[in-house]
Amino acid sequence: MNIVVLAGGLSPERDVSLSSGSMIANSLMATGHRVLLLDVYEGVSLEEADYERLFFGRDDGREYQYTVPAIEPNLEEIKLRNNNQDAFIGNGVLELCKYADVVFISLHGSMGENGQLQATFDNFGIKYTGSGYIGSLLAMDKDLTKKLLVQSGIMTADWVLYDSSEDSRVIEDRIGYPCVVKPVSCGSSIGVSIVQDKAELEAALQTATKYETKILIEKMITGREFSIGILDLKALPVIEIIPVTGFYDYKNKYQGGLTKEVCPALLSEDITKKLQDEAMKVHKILRLGGYSRIDFILDKKEEIYCLEANTLPGMTPTSLLPQEAECIGISYAELCERIAKLAFTN
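Here's a quick rundown of the structure. (Residues numbered from 1 in each chain as written. Predicted model: local features only at pLDDT ≥ 70, side-chain atom pairs only at ≥ 80, totals over all residues. Heavy atoms only, no water.)

The number of helices and strands found in the protein is 13 helices and 13 strands. The principal-axis extents of the C-alpha atoms in the protein amount to approximately 60 × 50 × 35 Å. The 346 residues of the protein split such that 54% are buried. Considering only contacts in the protein between residues 6 or more positions apart, those separated by 24 or more positions represent 70%. Per element, the accessible surface of the protein, about 15,400 Å² overall, is 48% carbon and sulfur. (Helix = DSSP H or I, 4+ residues; strand = E, 2+ residues; numbered from the N terminus. Buried < 20%, exposed > 50% of the residue type's maximum accessible area, 1.4 Å probe, protein only. Contact = heavy atoms within 4.5 Å. Areas by Shrake-Rupley, 256 points an atom, 1.4 Å probe, with all protein chains shown as cover.)

Structure representation (structure tokens):
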């Protein structure tokens, strides 16, 4: 197949996306496909209609590499580099996506995960990986996700949706300390802070509002953190996430050696099954597609709280979904190919 791997974009998670996209592209080429790794924001110059020349296979000697820096990218610099381009979809992107047999969406955050891109592709009849626009929208908005989970009997930490125009005292009255402050639609723990008191709250709100005006503040649940991937409506093994220091923030997620992952997680069969069943329920409640990853906290009473759902899980060297798949004998290359083929059945 001719496959466009769509990465980059104008998102704080741009670097994560480019790292995932590079590995995905290399793996798809290795399994016999012709691949184009394409930055959705920067696009590509199409001086002639010979699109085939832009795709590379395993015999072309092409290898993509990208390392995620310790801090998120400066989006203003990227905009300046592209003459302050306002369009989120760059030159030639739609043409090449229409030409390809399928688009492997390796985007994280904003347009890539909130359903806008998926709706655009639907309008053009473009086949793509992951969830459709409805599932993407439901999962990207953490406030909406939590409302749907509560209505369906899935436990999640109590929360308030805070707008920067409101008095922060509503947080103390409703949630108290410690609490977790996060932008309502960011991923990769970008803009997230754990808050112990009022002084830290003000700083956390300033951090979060750099990314969005609507902020989710939720009661902090103390316990063990787990993640469960869903692939073709089957739950993968449970993986436990144990940061060496602090919490599972942007740096700990993507810098090697800063987080210990245990897969399969050291849990009883009963708790393992409960976590996998809950993950499958969340996947279906949010109407997600061929694959996803659902995150949970297990508290000291062994109560399970859903943190969030990821419609386009990371595929970087430190990402969780590939580790879970490998645990049951699915190699990284096989995982990528299976996800690509699921675009034709979901």
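This paragraph deals with the sheet that holds strand E1 (residues 2-7). Two modes of strand pairing occur in sheets, parallel and antiparallel, and in both the strands are linked by backbone hydrogen bonds. Spatially, the 3 strands line up as an open sheet ordered E2-E1-E3, and their pairing is parallel. Two strands close off the open sheet at either side, each with one partner strand: strand E2 (34-39) and strand E3 (102-105). Across the sheet, the axes of successive neighbouring strands diverge by a mean angle of 25°, strand direction being ignored. Here E1 pairs with E3 via 4 bridges, running parallel. From the neighbouring strand, Val 4 faces E3, where its bridge partner is Val 103. (Pairing = 2+ DSSP bridges. Axes fitted to C-alpha atoms, helices over the stretch in contact; angles between N-to-C directions.)

Turning our attention to the packing of aromatic side chains. For the coordinates displayed, the defined rule picks out 3 aromatic pairs. Between Tyr 51 and Tyr 99, the ring centres sit 5.4 Å apart and the planes meet at 85°, which makes this aromatic pair edge-to-face. With Tyr 51 in the loop between E2 and helix H2 (75-81) and Tyr 99 in helix H3 (residues 93-99), the pair connects residues that are 48 residues apart, well separated along the chain. A relative accessible area of 34% means that Tyr 99 is categorised as partly exposed. Considering the side-chain rings of Phe 121 and Tyr 128, the 5.9 Å spacing of their centres and the 50° angle between planes classify their relative orientation as tilted. Note on accessibility: Phe 121 and Tyr 128 belong to one class, buried. Counting every residue linked through ring pairs, the aromatic cluster contains Tyr 51, Phe 55 and Tyr 99. For the cation-ring pair, Arg 62 lies above Phe 56, with the distance from its terminal atom to the ring centre recorded as 3.9 Å. (Phe/Tyr/Trp six-rings, centres within 6.5 Å; stacked < 30°, edge-to-face > 60°. Lys NZ or Arg CZ within 6 Å of the ring centre and 35° of its normal.)

A complete count under the given rule lists 14 salt bridges for this structure. In this structure, the salt-bridge partner of Lys 147 is Asp 143, at a minimum N-O distance of 3.2 Å. Placement of the pair is Lys 147 and Asp 143 together in helix H7 (residues 142-151), with a separation of 4 residues, close to one helical turn. Under the relative-accessibility criterion, Lys 147 is labelled partly exposed at 41%. Lys 146 is the salt-bridge partner of Glu 218, the closest N and O atoms lying 2.8 Å from each other. With a gap of 72 residues between them, Glu 218 in strand E7 (residues 214-219) and Lys 146 in helix H7 connect regions that are remote in the sequence. In this structure, Glu 218 and Lys 146 share a single accessibility class: buried. (Salt bridge = Lys/Arg side-chain N within 4 Å of Asp/Glu carboxyl O.)

Okay, the side chain of Thr 156 next. Positionally, Thr 156 belongs in the loop between H7 and strand E4 (159-163). Taking the relative accessible area as the measure of exposure, Thr 156 reaches 11% and is therefore buried. Reaching out from Thr 156, the side chain makes a polar contact with the side chain of Lys 146 at a distance of 2.7 Å. Separated by 2.9 Å, the side chain of Thr 156 and the backbone oxygen of Cys 306 make a polar contact. Among residues more than four places away in sequence, those in contact with Thr 156 are Lys 146, Val 150, Tyr 305 and Cys 306. (Polar contact = N/O pair within 3.5 Å; in protein donor to acceptor, adjacent residues only side chain to side chain.)

This next bit is on helix H1 (residues 14-30). With 17 residues, H1 ought to run about 24 Å at 1.5 Å a step, and its terminal C-alpha atoms sit 24 Å apart, in line with that. Taking burial as the measure, the 17 residues of H1 include 15 buried ones, the bulk of the element. Gly 32, located one to two residues past H1, shows a positive phi value of around 100°. (Expected span 1.5 Å × (residues − 1).)

To continue, consider the packing of helix H6 (residues 133-140) against H7. Close contact between H6 and H7 brings their axes to 5 Å; oriented N to C, the two are set at 95°. By the angle between their directions, the pair H6 and H7 is classed as roughly perpendicular. On H7, the residues that touch Leu 138, Ala 139 and Met 140 of H6 are Lys 142, Leu 144, Thr 145 and Leu 148. (Parallel < 35°, antiparallel > 145°, perpendicular 65-115°, else oblique.)

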